[in-house]
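In case you want the letters, here they are:
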Protein chains: 2
Amino acid sequence: MSRVESQPRRGPRRSLDVEQVVDAAVAIVDEGGPDALSVRAVAGRLGMNPNALYTYIASRAALERVIVERVLGESDLALLTGPAEHWRQRIVSYAHSLRETLLTHPAVARLLMTAPMDGPNALRVGEELMGALIDAGLSPRDAGRATYSIIVQVLGAVALEVAETDGRPPLPPEGARIAGRRDALAAIDHTDWPHTAAAIDMMAQWISTDQFHWSLARLLDGCVYSLAPPEPEPEPEPRTPGAHAGADQARRRG
Amino acid sequence: MSRVESQPRRGPRRSLDVEQVVDAAVAIVDEGGPDALSVRAVAGRLGMNPNALYTYIASRAALERVIVERVLGESDLALLTGPAEHWRQRIVSYAHSLRETLLTHPAVARLLMTAPMDGPNALRVGEELMGALIDAGLSPRDAGRATYSIIVQVLGAVALEVAETDGRPPLPPEGARIAGRRDALAAIDHTDWPHTAAAIDMMAQWISTDQFHWSLARLLDGCVYSLAPPEPEPEPEPRTPGAHAGADQARRRG
DNA sequence: TCCTGTGTTGTACAGTGTACAGAGTGTGTA
DNA sequence: TACACACTCTGTACACTGTACAACACAGGA
């Protein structure tokens, strides 16, 4: 990552850089979806034999991990660290940015929850989230707990959202995916599922940007619950298409 | 699922039942971990040719989906539907049960977020969760939103937890996995990560039962935030090993 | 200069999902 | 009762996977 030019090695120069391998791998899944990813495909795109890749990556699994790290690094972390804005706005807009980033690489989003996220970019996200929550007045201990809750909520939401697609970019627009969900839900037998039947329109929007922000807002509410006074800021909801203005009808009663 | 004996088909009787195929598949991943799952392995265990499996399942992907459905059905849904207990206790203890179930089938937990969860068992969980939240006094719309937030939090937490293992049951005990996380975190360079460095012990416990319940509690807090009065029930935390009694130091101030 | 560690190649193996053709089987209909 | 068809299952086969192994090409350190 930070090692620009390490001490000279023996033997022939490497014809590639690890970053170029990741470039090729991300390009492949961005073009062909998750099933297109293979050691052979990456090697082929780089013009080398499959085995040669193993000088750069230890295994197929390791390849998947660096891909996740790369895409994680594409999110706009400055939204989280910027000292100017309010802590809540910082968290919400970064979460939004991270989701958008992952949705442009849906095949990568599918890899999110299958390997440990211990790379530097993942650590950096945790670090800055904790910082924002400490700014919010949480104790270090609670800030740590809340950080993980937020990570789980954000990554889980994106993963479940992408799981309903084939992972081949570009994803259908949100409206189309919601409509597909509505059709699928309308087809079920309603007699056994009273609440589900009454909530089909609502449940179809579980994968929506609105729902994403609502979940995060409720989680943040709960995390700062004990802090006085509950701050009445206007709940940013950046670039939400505006549908369902009543999204935040259940707000703090302060 | 509910079709005990459908209308008689032509041709020779099926030598198996779809449920037996799922039995075999679950047994395989429970014995050999996620990598052991293959169409050939399932067929072999059932004493048939690989292709014969395609009479029962449409594809390898479909096989994975019925496996998830099966394990989802193993969770104790009665904990959620029981009318006697308080809604919050019902949700918390069901979430606990679901996590325990998934942790005994870690290879299945790894499949959780890679395919749409549209089976009857998944729908049933949503249905009953919504019921509990409506009991809590939420509007149907908010109950629907909160249902999904909870699903995301619970499944996301389990998936991320299992992602740090090889998925081969039985998982190491929680304490060992936490210790492993602590060692890994202690090895990083601390100068760039002040909050992380100060929170290593805390972050090591991100995968703990305590953290799981804390996250869920904060989310529930946020979801019922606007409802008066915030109910002072004692936060069950079933079967938590008792470590970290200060888990709920940040509670509502009522 | 040679030695030695490294990058890359070619070959190879065991394993994967599943398509295809055919044989056997039992039920609904003529 | 006989036929035809729908269905299950077999054997074979293909294209593909991750990666181990041996051999060769290169270049820095002694």
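These figures come from a predicted structure and were not determined experimentally.

## Let's talk about the relation of the copies chain A and chain B
Okay, so step 1: Superposing chain A onto chain B takes a rotation of 180° combined with a translation of 0.0 Å along the rotation axis, leaving an RMSD of 0.1 Å. In the structure described here, the two chain copies are related by an operation that fits a two-fold rotation axis. For chain A, the residue whose C-alpha comes nearest the rotation axis is Gly 222 of chain A, separated from it by 1.9 Å.
Okay, so step 2: A shared interface surface links the copies, since 100% of the contact residues of chain A are contact residues in chain B too.

## Some words on helix 7 (residues 120–135) of chain B
Okay, so step 1: Between its terminal C-alpha atoms helix 7 of chain B stretches 22 Å, which fits the 22 Å expected from 16 residues at 1.5 Å a residue.
Okay, so step 2: Listed as buried for helix 7 of chain B are Val 125, Gly 126, Glu 127, Glu 128, Leu 129, Met 130, Gly 131, Ala 132, Leu 133 and Ile 134 of chain B.
Okay, so step 3: Those residues of helix 7 of chain B that are buried lie in contact with helix 10 (194–198) of chain A together with helix 3 (60–74), helix 4 (78–81), helix 5 (87–104) and helix 8 (140–163) of chain B.
Okay, so step 4: A positive phi of about 105° marks Gly 137 of chain B, the residue just after helix 7 of chain B.

## A word on the interface of chain A and chain B
Okay, so step 1: The interface is formed by 54 residues belonging to chain A together with 55 residues belonging to chain B.
Okay, so step 2: Elements with a minimum of two residues in the side of chain A that touches chain B: helix 7 (120–135), helix 8 (140–163), helix 10, helix 11 (200–204) and helix 12 (209–223) of chain A.
Okay, so step 3: In terms of residues, the side of chain A that touches chain B owes the most to one element, helix 8 of chain A, which gives 15 residues.
Okay, so step 4: Here the residues of the side of chain A that touches chain B sort into 29 nonpolar, 13 polar and twelve charged.

What counts, and at which threshold
- Residues numbered from 1 in each chain as written.
- Chains lettered and ligands numbered in written order.
- Predicted model: local features only at pLDDT ≥ 70, side-chain atom pairs only at ≥ 80, totals over all residues.
- Least-squares fit on C-alpha atoms with pLDDT ≥ 70 in both.
- Contact = placed C-beta atoms within 7 Å.
- Helix = DSSP H or I, 4+ residues; strand = E, 2+ residues; numbered from the N terminus.
- Expected span 1.5 Å × (residues − 1).
- Buried ≥ 20, exposed ≤ 12 C-beta atoms within 10 Å, placed from the backbone.
- Nonpolar A, V, L, I, M, F, W, Y, C, P; charged D, E, K, R; others polar.

Without other data, these values stay purely geometric and don't point to any function.
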